[in-house]
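One letter stands for each residue in the lines below.
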Amino acid sequence: MRSEDLVKLAIAALEEIKAQDITTIDVREKTSITDYMVIASGTSSRHVKSLVDNVLEKVKEQGVRPIGSEGLDSGEWALLDLGDIVVHVMLPTARQFYDLERLWQGAEQSRAQHGVDHE
């Protein structure tokens, strides 16, 4: 599956369970670790876990095997490594504290709008 298609799939899975403030950052020119970062917020620890679980379920249905995951137990910040994309789902306080968008400033960034419009 192409990186762009995987991003769209992850965003659709996040939107399905009402993730908030979904952002996609193109980091291909910044790092060799991954192509895209998808960052979203959940409203509670349970919501963060549900969001990541839904992304995991949807990518597995498409035959994508995740490389790993972190933080599913705490629910404050969960990470799902899908190789070409890394999905970060956080509580708003953790997202504000770590400010990944600013950390990767200069990388191409776009706000997801219903999982369709990506630059």
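Our structure's up above, just so we're on the same page.
Residues numbered from 1 in each chain as written. Predicted model: local features only at pLDDT ≥ 70, side-chain atom pairs only at ≥ 80, totals over all residues. Heavy atoms only, no water.

Moving on: helix 1 (residues 3-16). Counted at 1.5 Å a residue, the expected span for helix 1 with its 14 residues is 20 Å, and the 20 Å between its end C-alpha atoms agrees. In this structure, the buried residues of helix 1 make contact with strand 1 (20-26), strand 2 (36-41), helix 2 (45-61) and strand 5 (85-90). A positive phi of about 65° marks Lys18, the residue just after helix 1. (Helix = DSSP H or I, 4+ residues; strand = E, 2+ residues; numbered from the N terminus. Expected span 1.5 Å × (residues − 1). Contact = heavy atoms within 4.5 Å.)

So, on to unusual backbone geometry. Positioned with a positive phi, Asp21 is a non-glycine residue whose angle comes to about 50°. Positionally, Asp21 belongs in strand 1. Although it is not a glycine, Asp99 adopts a positive phi angle of roughly 45°. Tracing the chain through its elements places Asp99 in the loop between helix 3 (92-98) and helix 4 (100-103). We classify Asp99 as partly exposed; its relative accessible area is 25%. (Buried < 20%, exposed > 50% of the residue type's maximum accessible area, 1.4 Å probe, protein only.)

Counted by the stated rule, this structure contains six salt bridges. Residue Arg95 pairs with Asp21 through a salt bridge whose shortest N-O separation is 3.6 Å. Placement of the pair is Arg95 in helix 3 and Asp21 in strand 1, with a sequence separation of 74 residues. Taking the relative accessible area as the measure of exposure, Arg95 reaches 5% and is therefore buried. Here Asp26 makes a salt bridge to Arg28, at a shortest N to O gap of 2.5 Å. With relative accessibility at 13%, the residue Asp26 sits in the buried group. Residues participating in the shared-partner salt-bridge network are Glu4, Asp26 and Arg28. (Salt bridge = Lys/Arg side-chain N within 4 Å of Asp/Glu carboxyl O.)

What follows concerns the packing of aromatic side chains. By the definition in use, this model includes two aromatic pairs. The interplanar angle of 50° and the centroid separation of 4.6 Å between the aromatic rings of Trp77 and Tyr98 together place this pair among those described as tilted. Highlighted residues: Trp77 in strand 4 (residues 77-81) and Tyr98 in helix 3, separated in sequence by 21 residues. When the ring of Phe97 is compared with that of Tyr98, the centres are 4.9 Å apart and the planes differ by 90°; the resulting orientation is edge-to-face. Taken together, the ring pairs in this structure connect Trp77, Phe97 and Tyr98 into an aromatic cluster. (Phe/Tyr/Trp six-rings, centres within 6.5 Å; stacked < 30°, edge-to-face > 60°.)

Function cannot be inferred from these measures alone, as they are strictly geometric.
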